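# Coordinate inspection notes
So the chains spell out like this:
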Amino acid sequence: LKNEALDLLESGADCMQYQKMFKLSISSYEEAINICLTKVKLDVSPAKFAHEVCTELDVVYYSAYRGVGTALHHSGSPHAAINAFQESLRIKEDMMTYYELGQVYETLRDGENMLKNMSNATGLDPFYANAWHGVAHAYALLCEAATSDTELKKLLRLRQEADEKTLELDPNNAICKADLV
């Protein structure tokens, strides 16, 4: 059934027909999210489609909301993405959800909320190098708003420490190495 649903999608079937087939054929929420994000080429946005399908599969499944948040973020709807990620976190605290929410705040150039969410991600998984790099980026954003030399020096030191932690965990992190130059 899943292949038939994808064939319907590629042949230009209407959204409702595809959605009905999709709901019948998907047994895994993660699979539903991935298909929503990679295969959907409809008149409606992938984010809207993902929300309609995935949250209907199980309204309390945190990963569906995280997937919706990711789709909304990548489709240019950061404020709606925040709501989806917060709903996911309401159901279950998850390192990846905090990390992705931090990325949304980076898009919005909100260093405080980015730092809060990246720090939550490192709190749940202190070995996640990308989250540590996110912490460093949050400090970089906060440096832009520093109001004194003392504050700026402190933020730069904290950024340096977070970048060093990133490289300790992932010595080949090219982006982090470029940031330190």
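In this report, the structure presented in the accompanying data block is examined.

Conventions we followed
- Residues numbered from 1 in each chain as written.
- Predicted model: local features only at pLDDT ≥ 70, side-chain atom pairs only at ≥ 80, totals over all residues.
- Heavy atoms only, no water.
- Core = buried A, V, L, I, M, F, W, Y, C linked by side-chain atoms within 4.5 Å.
- Buried < 20%, exposed > 50% of the residue type's maximum accessible area, 1.4 Å probe, protein only.
- Helix = DSSP H or I, 4+ residues; strand = E, 2+ residues; numbered from the N terminus.
- Contact = heavy atoms within 4.5 Å.
- Axes fitted to C-alpha atoms, helices over the stretch in contact; angles between N-to-C directions.
- Parallel < 35°, antiparallel > 145°, perpendicular 65-115°, else oblique.
- Left-handed = near helix turned anticlockwise from the far one by under 90°.
- Nonpolar A, V, L, I, M, F, W, Y, C, P; charged D, E, K, R; others polar.
- Expected span 1.5 Å × (residues − 1).
- Polar contact = N/O pair within 3.5 Å; in protein donor to acceptor, adjacent residues only side chain to side chain.
- Phe/Tyr/Trp six-rings, centres within 6.5 Å; stacked < 30°, edge-to-face > 60°.

Bringing the nonpolar core into the picture now. Judged by nonpolar contacts, the single largest core of 29 residues is most densely connected at Tyr-99, Leu-101, Met-114, Leu-115, Ala-121, Val-135 and Tyr-139. Counting only elements with at least two residues in this core, the list comes to helix H5 (62-74), helix H6 (78-91), helix H7 (95-107), helix H8 (111-124), helix H9 (129-144) and helix H10 (149-169). Tallying contributions element by element places H9 first for this core, with 8 residues. In contact with Leu-115, other than residues within four places in its own chain, are Val-135, Ala-138, Tyr-139 and Leu-142.

Moving on, we come to the packing of H6 against H7. Relative to each other, H6 and H7 sit at 160 degrees, their axes nearing to 10 Å. In terms of orientation, H6 lies roughly antiparallel with respect to H7. Remark: the crossing between H6 and H7 carries left-handed chirality. Two secondary-structure elements touch here, H6 through Pro-78, Ala-81, Ile-82, Phe-85, Gln-86, Ser-88 and Leu-89 and H7 through Thr-97, Tyr-98, Glu-100, Leu-101, Val-104 and Tyr-105.

What describes two packed helices is the angle between their axes and the distance between those same axes. Orientation of H5 relative to H6, taken along the N-to-C sense of each, is 165 degrees, at an axis distance of 8 Å. What the angle tells us is that H5 and H6 run roughly antiparallel. For the crossing formed where H5 meets H6, the hand is left-handed. Where H5 abuts H6, its residues Tyr-62, Tyr-65, Arg-66, Val-68, Gly-69, Thr-70, Leu-72 and His-73 lie against Pro-78, Ala-80, Ala-81, Ala-84, Phe-85, Glu-87, Ser-88 and Ile-91. Grouping the constituent residues of the contact of H5 with H6 by class yields 10 nonpolar, 4 polar and 2 charged.

Okay, H9 next. Along its 16 residues, H9 runs 23 Å from first to last C-alpha, staying within 8% of the 22 Å computed at 1.5 Å per residue. Counting buried positions over the 16 residues of H9 gives 12, a clear majority of the element. Residues of H9 that are buried: Ala-129, Ala-131, His-133, Gly-134, Val-135, Ala-136, Ala-138, Tyr-139, Ala-140, Leu-141, Leu-142 and Cys-143.

Further remarks concern the environment of Thr-122. Secondary-structure assignment places Thr-122 in helix H8. Given a relative accessible area of 9%, Thr-122 falls into the buried group. The spacing of Thr-122 and Tyr-99 is 23 residues in sequence and 8.6 Å in space, taken between C-alpha atoms. What Thr-122 contacts, discounting residues up to four positions off in sequence, is Ala-131, Trp-132 and Val-135. Polar side-chain contacts of Thr-122 include one of 2.9 Å to the backbone oxygen of Ser-119.

We now examine the packing of aromatic side chains. One pass over the full model with this rule turns up 1 aromatic pair. An angle of 80 degrees between the planes, with centres 5.3 Å apart, marks the rings of Tyr-99 and Tyr-128 as edge-to-face. Taken together, the residues span a long stretch of sequence, with Tyr-99 in helix H7 and Tyr-128 in the loop between H8 and H9 at a distance of 29 residues. The class of Tyr-99 is buried, set by a relative accessible area of 12%. Using a relative accessible area of 17% as the deciding quantity, one classes Tyr-128 as buried.

Shape descriptors only; they carry no functional weight alone.
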